[in-house]
Amino acid sequence: MGSSGFLRIKGLRKGYDGIEALRGIDLSLQKGEFLSLFGPNGAGKTTLIRIISTLLKPGSGSVRVMDFDIEEHAEEFRAQLGVISHQSFLYNDLSARENLEFYAALYRVNDPVGKTGELLRLVGLHDREDSQVSGFSRGMQQRLSIARALINDPSLLLLDEPYTGLDEHASILLSGHLRQLHSRQRTIVMVTHDLKRGLESATKVGILSKGRLVYLKERSEVDTDEFEHVYLRYLKGAPVE
Amino acid sequence: MRDALLIIRKDLLTEFRKKESLVSMVFFGFLLLVILNIAIGIGREVDGEIAAGILWVSIIFSAVLGLGRVLSQEKENRCIDGLLLSPVESEQIYTAKTAVNFIFMVIAEAVIIPVFFVFYGDRFARHLPMLIVVVLFVNLGFSTVGTLFSAITAGTRRNEVLLPLLLFPVITPLIALAVKVTGSVFEEIPYREYSSWLYIIVSFGFIFSGVSYLLFEYVIKEG
């Protein structure tokens, strides 16, 4: 890995139907950094996550992870990637265990059965491992979705509004997992509306507004009250000095 | 190929658990045979070409029902994103989905064809080995093109309406050839007289396999 960053985004632009969702994003993260990205609805947060995860092609610009272009080395990159979204990516007609074993096999995990059992215990679903996902509550599905995203022990974890629909217990559980991953030098990018959760573990915070990264600072340089004030002004669409 | 097999196994497990596609395919095919039998006149003998037309209408219309489900089930909880985010090549997903469609067609035909013999005369059953050859090659062409078109329409809100509208113009030559060849088989016309049509069916399957295999990535991913 070069000294220039684990994740490097340069001049990233993306448009849909004549609307520019991203207008030139430049961003660099070192290995082990945790970026929380905030922004109003329609700011381009999900588009950014979908481009980094290779689900969407960039209009222009580049995304490099560990010094390789993610478009050119998509399969190798995805083997190192975990994504948690407000969508679970889980099959309703399969059990919790079957879902995880399926993904473990796709990621060529050594000992998929053992890894599945370990993750089910981690997210507290080992007693429901043979239940079909269709019978799970939203919080249980999200917990299983966390296990799914961790099945390949990813180097880069992307989270798109992961707290949506979670109860307090599941939110605390997710925050705990994220802190644990961060302590193991995993690089994390999370987009969220949840200021409290977003700020508690981040090492860097940013605000995306109208397709531009308008704010990016080290967490240690940010005063929580001041950040809240700045963020609320962007939410209201008012100019920020 | 390993990844394709994993997806096939997962799809078959889901289907055998729910029996959503297969039951509707078989039931619809059976229903069409009954309706057409009543329309023609119960017990009335039909010639080979008409019998072939009836058989293929039942098979193709029932197959379209299953076709839409195989990819649209991946849209639930955005499971398709889960597949696309894994290190699996899009071509493996296409191969798996085509194979699943092919398997569903074979299973549905295993019920529809014997019912067809019961309704329209067991004299056609004498030609079962050649009929199986024709059916398998038509299945190949249908499932390769059908999987590509079901991927195109799976993301739309009216996919069950859009799929046949887009698919039928493309597969009409395949269906016409299938009827022609099957009719010739039922009429006991010598093989050399219809072999060129059979070769076109085979070519259709292989050409569209290649084209669809290459195009699938662009269809399944957002631009």
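Our subject is the structure listed above.
Residues numbered from 1 in each chain as written. Chains lettered and ligands numbered in written order. Predicted model: local features only at pLDDT ≥ 70, side-chain atom pairs only at ≥ 80, totals over all residues. Heavy atoms only, no water.

Asks: Looking at this model, I keep getting lost on the overall build of chain A. Mind explaining?
Replies: Within chain A, the secondary structure is distributed over 8 helices and 10 strands. The C-alpha atoms of chain A give a radius of gyration of 18 Å, which matches the 18 Å a tight globule of 241 residues would have. Seen through its principal axes, chain A has C-alpha atoms that stretch 55 × 40 × 35 Å. Within chain A, the fraction of its 241 residues that count as buried is 56%. Contacts in chain A between residues far apart in sequence, at least 24 positions, make up 68% of those at least 6 positions apart. Just so you have it, chain A exposes about 10000 Å², and 47% of that area is on carbon and sulfur atoms. Charged side chains in chain A number 31 positive and 32 negative. The centres of these two groups are separated by 3 Å. (Helix = DSSP H or I, 4+ residues; strand = E, 2+ residues; numbered from the N terminus. Rg over C-alpha atoms; globule rule 2.2 N^0.38 Å. Buried < 20%, exposed > 50% of the residue type's maximum accessible area, 1.4 Å probe, protein only. Contact = heavy atoms within 4.5 Å. Areas by Shrake-Rupley, 256 points an atom, 1.4 Å probe, with all protein chains shown as cover. Lys, Arg positive; Asp, Glu negative; His and termini not counted. Charge placed at Lys NZ, Arg CZ, Asp CG, Glu CD.)

Asks: Is there a simple way to think about the packing of aromatic side chains in this case?
Replies: Both the distance between ring centres and the angle between the ring planes are used here to describe each pair of aromatic rings. The full count for this structure, using the stated rule, is 18 aromatic pairs over all chains. Where A:Tyr91 meets A:Phe102, the ring centres are 5.7 Å apart and the plane angle is 80 degrees; that geometry is what we call edge-to-face. Highlighted residues: A:Tyr91 in the loop between β6 (81-84) and α3 (96-106) and A:Phe102 in helix α3, separated in sequence by 11 residues. Here A:Tyr91 and A:Phe102 have matching classes, each one buried. When the centroid spacing of 5.5 Å and the interplanar angle of 85 degrees are considered together, the rings of B:Tyr191 and B:Tyr194 count as edge-to-face. Residue B:Tyr191 and its partner B:Tyr194 are both found in helix α8 (residues 191-220); the two are separated by 3 residues, about one turn of the helix. (Phe/Tyr/Trp six-rings, centres within 6.5 Å; stacked < 30°, edge-to-face > 60°.)

Asks: Looking at this structure, I do not really get helix α1 (residues 2-18) of chain B. What am I missing?
Replies: Since the α-helix packs 3.6 residues into each turn, any two residues three or four apart lie on the same face. Compared with an ideal rise of 1.5 Å per residue, which puts 17 residues at 24 Å, α1(B) spans 25 Å between its outermost C-alpha atoms and is within 8% of the ideal. What α1(B) keeps buried is the set B:Asp3, B:Ala4, B:Leu6, B:Ile7, B:Ile8, B:Lys10, B:Asp11, B:Leu12, B:Thr14 and B:Glu15. Next to the buried residues of α1(B) lie α3 of chain A together with α2 (20-40), α3 (48-72), α4 (79-85) and α5 (90-120) of chain B. Looking one or two residues beyond α1(B), the residue adopting positive phi is B:Lys19, at roughly 55 degrees. (Expected span 1.5 Å × (residues − 1).)

Asks: What is the right way to look at the nonpolar core in this model?
Replies: Note on soluble globular proteins: their nonpolar side chains tend to be buried together. Counting residues in hydrophobic clusters, the biggest one holds 147 residues, and the most contacted among them are A:Phe227 and B:Phe142. Take this core: its biggest share by element is 13 residues, from α5(B). Once residues within four sequence positions are removed from consideration, A:Phe227 is found in contact with A:Phe38, A:Leu195, A:Leu199, A:Val205, A:Gly206, A:Ile207, A:Tyr215 and A:Val222. (Core = buried A, V, L, I, M, F, W, Y, C linked by side-chain atoms within 4.5 Å.)

Asks: I'm lost on the pattern of salt bridges in this one. Help?
Replies: For side chains bearing opposite charge, pairing can occur when the charged atoms are close. The full count for this structure, using the stated rule, is 25 salt bridges over all chains. One salt bridge in this structure joins A:Glu71 and A:Lys57, with 3.7 Å as the shortest N-O distance. Of the two residues, A:Glu71 is situated in the loop between β5 (68-69) and α2 (74-79) and A:Lys57 in the loop between α1 (45-52) and β4 (60-65); the sequence distance between them amounts to 14 residues. Residue A:Lys57 is classed as partly exposed on the basis of its relative accessible area, which comes to 32%. A salt bridge links B:Glu74 to B:Lys10, with the shortest nitrogen-to-oxygen separation between them at 2.5 Å. (Salt bridge = Lys/Arg side-chain N within 4 Å of Asp/Glu carboxyl O.)

Asks: What is the right way to look at the layout of surface pockets in this model?
Replies: Taking a probe equal in size to a water molecule and rolling it over the atoms shows the remaining empty space. Of the volumes computed, that of the largest pocket is approximately 200 Å³. Forming the boundary of the largest pocket are A:Leu94, A:Glu98, A:Glu101, A:Phe102, A:Ala105, A:Pro112, A:Val113, B:Leu6, B:Arg9, B:Lys10 and B:Leu13. Taken together, the elements giving at least two residues each to the lining of the largest pocket come down to α3 and α4 (112-122) of chain A together with α1 of chain B. Residue composition of the lining of the largest pocket, grouped by class: 7 nonpolar, no polar and 4 charged. (1 Å grid on protein atoms, 1.4 Å probe; cavity = no way out; pocket = protein on both sides within 12 Å on 5 of 7 lines; lining within 4 Å. Points joined across faces, edges and corners; volume = space filled by probe spheres on them. Nonpolar A, V, L, I, M, F, W, Y, C, P; charged D, E, K, R; others polar.)

Asks: I'm lost on the sheet that holds strand β1 (residues 7-16) of chain A in this one. Help?
Replies: Within a sheet, adjacent strands bond to each other through the backbone by hydrogen bonds, running parallel or antiparallel. Residues and elements named next belong to chain A. The sheet built from 4 strands is open, its strands ordered β2-β1-β4-β5 with antiparallel pairing. Since the sheet does not close on itself, it has two edges, and those belong to β2 (19-29) and β5, each with one partner. Across 2 bridges, the pairing between β4 and β5 is antiparallel. Each bridged residue has a counterpart across the sheet, and for Val65 the counterpart in β5 is Phe68. Running at roughly 120 degrees to β1, α1 makes contact with β1, β2 and β4 of the sheet. (Pairing = 2+ DSSP bridges. Axes fitted to C-alpha atoms, helices over the stretch in contact; angles between N-to-C directions.)

Asks: Just checking my understanding: could you explain the packing of α5(B) against helix α6 (residues 128-154) of chain B for this structure?
Replies: All names here are of chain B. Their axes nearest at 9 Å, the elements α5 and α6 cross at an angle of 140 degrees. Comparing their axes, α6 and α5 come out oblique. With respect to the hand of their crossing, α5 and α6 are arranged in right-handed fashion. Mapping the contact onto sequence places Tyr94, Lys97, Thr98, Asn101, Phe102, Met105, Val106, Glu109, Ile113 and Phe117 in α5 and Leu128, Leu131, Val135, Leu136, Asn139, Leu140, Phe142, Ser143, Thr144, Thr147 and Leu148 in α6. For the contact of α5 with α6, the per-class residue count stands at 13 nonpolar, 6 polar and 2 charged. (Parallel < 35°, antiparallel > 145°, perpendicular 65-115°, else oblique. Left-handed = near helix turned anticlockwise from the far one by under 90°.)

Asks: How should I be thinking about unusual backbone geometry in this particular structure?
Replies: Trans peptide bonds make up the majority, and among non-glycine residues the majority have a negative phi. Residue and element names in this part refer to chain B. Despite not being glycine, Lys19 has its phi angle at roughly 55 degrees, a positive value. Position of Lys19 relative to the elements: it lies in the loop between α1 and α2. Judged by relative accessible area, Lys19 falls into the partly exposed class, the value being 46%.

Asks: Explanation requested: the interface of chain B and chain A in the structure shown.
Replies: It is common to report an interface's size as the accessible area lost on association of the parts. Contacts between the two partners involve 26 residues from chain B and, on the opposite side, 30 residues from chain A. Carbon and sulfur atoms supply 55% of the area buried between chain B and chain A, which totals about 2800 Å² over both sides. The interface formed by chain B and chain A includes 4 salt bridges. As a salt-bridge pair, B:Lys18 and A:Asp93 come within 3.5 Å of each other at their nearest N and O atoms. Where chain B touches chain A, the interface holds 15 residue pairs in polar contact (both at pLDDT 80 or more). (Buried area = accessible area lost by both parts, 1.4 Å probe. Polar contact = N/O pair within 3.5 Å; in protein donor to acceptor, adjacent residues only side chain to side chain.)

Such coordinate-based values are descriptive only and should not be taken to indicate function.
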